[in-house]
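# Observations on chain architecture
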Amino acid sequence: MSDAGTTKQDPKPSRWRTATKVILLSAFGVLIFVIVAGALFTRYSVSRAFPQTEGTIQVPGLDGEVEVIRDSTGVPHIYADTPHDLFIAQGYVHAQDRFFQMDFWRHISYGRLSEMFGDSQVETDTFIRTLGWGRLADEQYEVESQEAKAIIDAYSQGVNAYLEAQSPSDLSFEYSIIELLNHDYTPEPWTGAQSLAWGKVMAWDLGGNLEAEIGRSLALGVLPPERVAQLYPPYPGDRHPYIIPDDGSAEAGTPVSLHASVDARDALGSAATAIAALNKVTGGGEETGIGSNSWVLSGEHTPTGMPYLMNDPHLSAQMPSIWYQVGLHCRAVTDACPYDVAGFSFAGVPGVIIGHNADIAWGFTNVGPDVQDLYIEKINPDNPDQYEINGEWVDMDVHTETIVVAGGNNQEVTVRSTRHGPIISGVYEPLDEFETSGIDVPPQFAVAFKWTGLDAGLPSVSQPVLGINLASNFEEFKESALLFAVPSQNMIYADTEGNIGYVVPGNIPIRSSGDGTLPVPGWTDDNEWTGFIPYDELPWVLNPDSGYIVTANNAVISDEYPYLITKDWDYGHRARRIVSLVTANFGIPLDDHRRIQFDGSDLNAARILPYLMPAISSSGVALDETGQAATDHLDTWDLQNSAGSPGAATWNATWKHLLEVTFHDELPESIWPEGNSRWFEVVGTMLSNPNDPFWDNITTAETETRDDMLVSAFLAGVEELTDTLGSDASTWTWGAIHEMTFINQSLGESGIAIIEDRFNRGPFPASGSKGVVNAVGWTATEGFEVDWLPSMRMLVDLDDLSNSLAMHTTGQSGHVDNEHYDDMIPLWLNGENLPFLWERADIRADAKATMYLIP
């Protein structure tokens, strides 16, 4: 297994919580406060980690000089004569600006957080070790192609060249804090496998339907199947678009103006607990509703006569940004040095993930295919390391993992796997009972997890990424894209020849029976995967007759398609709104597509308000001044979830409480509605039946109806807003409760104000909401605070690449107090963008620092 850190004996303990979000350092709080406030928080102690960005630096391993031009926002544009030198420089620059983030991410990937942060992370490490991401990354690296391994190794060489020249406290200020808690921790050299391991974490983030599978199973414990089915409705293809309609064209919605408003429970609970712990670390594993947007238009629909391509991936909120913008340029583009590409990268991974080169542009949104299944395994009562296959006991694959714990004793973890995958139900607690609909549960059992992301022999993410970086036409793009075995992405395409296209890659299983929506028996061959959808039969389109393609995690294609991709799509509200805006505004300039990305029109509200407002007026409830003002807010609301909108505040408070009063009485707490697009469809469908059983609150003697619940939700929302914002409803705004705090992923919730103030930024009033195009998400069971967001916004003009626009969330630097730590936040909050610099002359004109790396 690849090493990610060195820990010697008797380090001090620490507390860590959500990895890509926060680390909770409760132990030694007073010590940190006194020492850090008095000494470490001096400007010198922070700025000493700022990297050198000007002048000349010797870097071992280079063959020639590399020029690194940083523009006014800190984006590096790297120029080299060979791929070897180019990727050494990318590794070096990533380490300069983001090494702590890289170190942190590799500890997540390998299940080694306890080495840095102590025993609070043993549970999370145990689950990650059980899934075995690190082992798989090590195996992938060993079988990597010679060409890809050369790039990965050059990148690692650049990272390590920077590490070798710095002490830990000179790498990042966070290490000065960690040193107080774990004074013997020293970052180890970077390895090529660690660059591949982050791909496993992102695959988990974008994984599949596991949460929905568990949710259905838990719901079946309290509701009959027909009512559970009501909570997981089919995709509304009669109202919302498919990415590829049956006729092969793109599909238009209703045009509108750009400015218009418009027991088993115990066992599954154990699995869900494990998954929830991991989701805290990665920010992933969410149900449908949080996703991404992308669209591409042919020149037929642009003022330039050439394509536009737009993309804004939605990921968890974190600081520093998950993205790092970079330009990678061979000085002379030849067969020997073919790279000329710019866009967004992950710190720790070579290449550009999303962006453009001189010939093509591309973007991603998540397909969300069902590539995860739970299997109920029969366990031998006389030997817990054996399970049944077709009437015979078979040995599990069993091995032991050692978790090194800072400030504590090492923990031994036994990992058991069946033919389907690792046993996850017993990771944290033994299973007591397991009952689920349609399954004859044996006396002794366990839950195994099958996922394409755990398959051996998959190509690493480096192969498709580097291949797409070099592609010059659709066939080359498609050939590389199809190597994205996991996670499966909606990949949009445009090129400077005027072509637009779309590809769905990925290993999407074909099941011998069932549809993957519920756990299945694993002791026979009746429920096995029989293969994957053949690559040449995966959906794709080139130059559709409509002249545009829109993807927003909506259904790729109708049920007429002969293979099952998933039953758990996003329900298409964002896609419908984008299609409507795009088709009603053909010919608008690129900057107006930025305004579409920032659109906050709420189709869910548009569907419910015609029922809500009459229910309030006919209820006979005497509204006080505040309540009457709240109804006025809804009456005059333009349906936009703008930060300054009182109507948006009133609506979202009502929606939150509508979910609570309608469903909390009948559903287990672990599957209470989070308010995503599935719930838009569930509630929207119920509106036509005022006496649907879900409207009734089973805890009361009365039989409530739709209008009772709508009024109750409105009144509860008004009460919450009054308690939170005061009784003067004229002062209510959505941004006052829908706040974005960019929480530093390492020390952002230390519990010590002076540390949090230094590392975090916010709270800021935020526009957007869940299920709208500007998907600045929140979770109904937790409050209105932002937890997911458009992690970057990109708009590419294929007529003139230098006219393109781009923006990510916080800033290029991971160093607190650096000028580029938070300089993008105000622009991001306002939906603004920066020039996506491409031409060398423009880069030189905007240059703020130039660094030369020499052998």
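Just so it is clear, the model here is predicted, and its values are computed rather than measured.

### What about the layout of surface pockets?
The space that makes up the second largest pocket amounts to roughly 560 Å³. In this structure, the second largest pocket is lined by 25 residues; those nearest its centre are R216, Y232, P234, D515 and K567. Contributions of two or more residues to the lining of the second largest pocket are made by helix 11 (210–220) and helix 12 (225–231). Top contributing element to the lining of the second largest pocket by residue count: helix 12, with 3 residues.

### Describing the packing of aromatic side chains
The geometry of an aromatic ring pair is captured by the separation of the ring centres together with the interplanar angle, meaning the angle of the planes. Applying the stated criterion across every chain yields a total of 35 aromatic pairs. For the ring pair F127 and W204, a centre distance of 6.4 Å and an interplane angle of 90° mean the geometry is edge-to-face. Of this pair, F127 sits in helix 5 (residues 122–131) while W204 sits in helix 10 (residues 192–205); the two residues are 77 residues apart in sequence, bridging distant segments of the chain. Taking the centre distance of 5.0 Å and the plane angle of 40° together, the rings of F477 and Y493 count as tilted. One end of the pair, F477, is in helix 15 (residues 474–481); the other, Y493, is in strand 17 (residues 489–495), with 16 residues separating them in the sequence. Residue classification places F477 among the buried positions, given a relative accessible area of 0%. Linked through ring pairs, F99, F100, F104, F117, Y175 and Y185 together constitute an aromatic cluster.

### Here we look at the packing of helix 19 (residues 625–636) against helix 22 (residues 706–725)
Their axes nearest at 10 Å, the elements helix 19 and helix 22 cross at an angle of 110°. Considering their axes alone, helix 19 and helix 22 lie roughly perpendicular with respect to each other. Contacts between helix 19 and helix 22 pair T626, G627, A630, T631 and L634 from the former with F714, V718 and T722 from the latter. Considered class by class, the residues forming the contact of helix 19 with helix 22 number 4 nonpolar, 4 polar and no charged.

### Considerations on empty space enclosed by the protein
Of the voids in this model, the second largest cavity is the one considered here, and its volume is about 260 Å³. Residue assignment for the lining of the second largest cavity shows that the elements contributing at least two residues are helix 10, strand 5 (308–316) and strand 9 (360–366). Per-element tally for the lining of the second largest cavity: the top contributor is helix 10, with 4 residues. Among the residues forming the lining of the second largest cavity, the class breakdown is 16 nonpolar, 6 polar and no charged.

Each value, and the rule that gives it
- Residues numbered from 1 in each chain as written.
- Predicted model: local features only at pLDDT ≥ 70, side-chain atom pairs only at ≥ 80, totals over all residues.
- Heavy atoms only, no water.
- 1 Å grid on protein atoms, 1.4 Å probe; cavity = no way out; pocket = protein on both sides within 12 Å on 5 of 7 lines; lining within 4 Å.
- Points joined across faces, edges and corners; volume = space filled by probe spheres on them.
- Helix = DSSP H or I, 4+ residues; strand = E, 2+ residues; numbered from the N terminus.
- Phe/Tyr/Trp six-rings, centres within 6.5 Å; stacked < 30°, edge-to-face > 60°.
- Buried < 20%, exposed > 50% of the residue type's maximum accessible area, 1.4 Å probe, protein only.
- Axes fitted to C-alpha atoms, helices over the stretch in contact; angles between N-to-C directions.
- Parallel < 35°, antiparallel > 145°, perpendicular 65-115°, else oblique.
- Contact = heavy atoms within 4.5 Å.
- Nonpolar A, V, L, I, M, F, W, Y, C, P; charged D, E, K, R; others polar.

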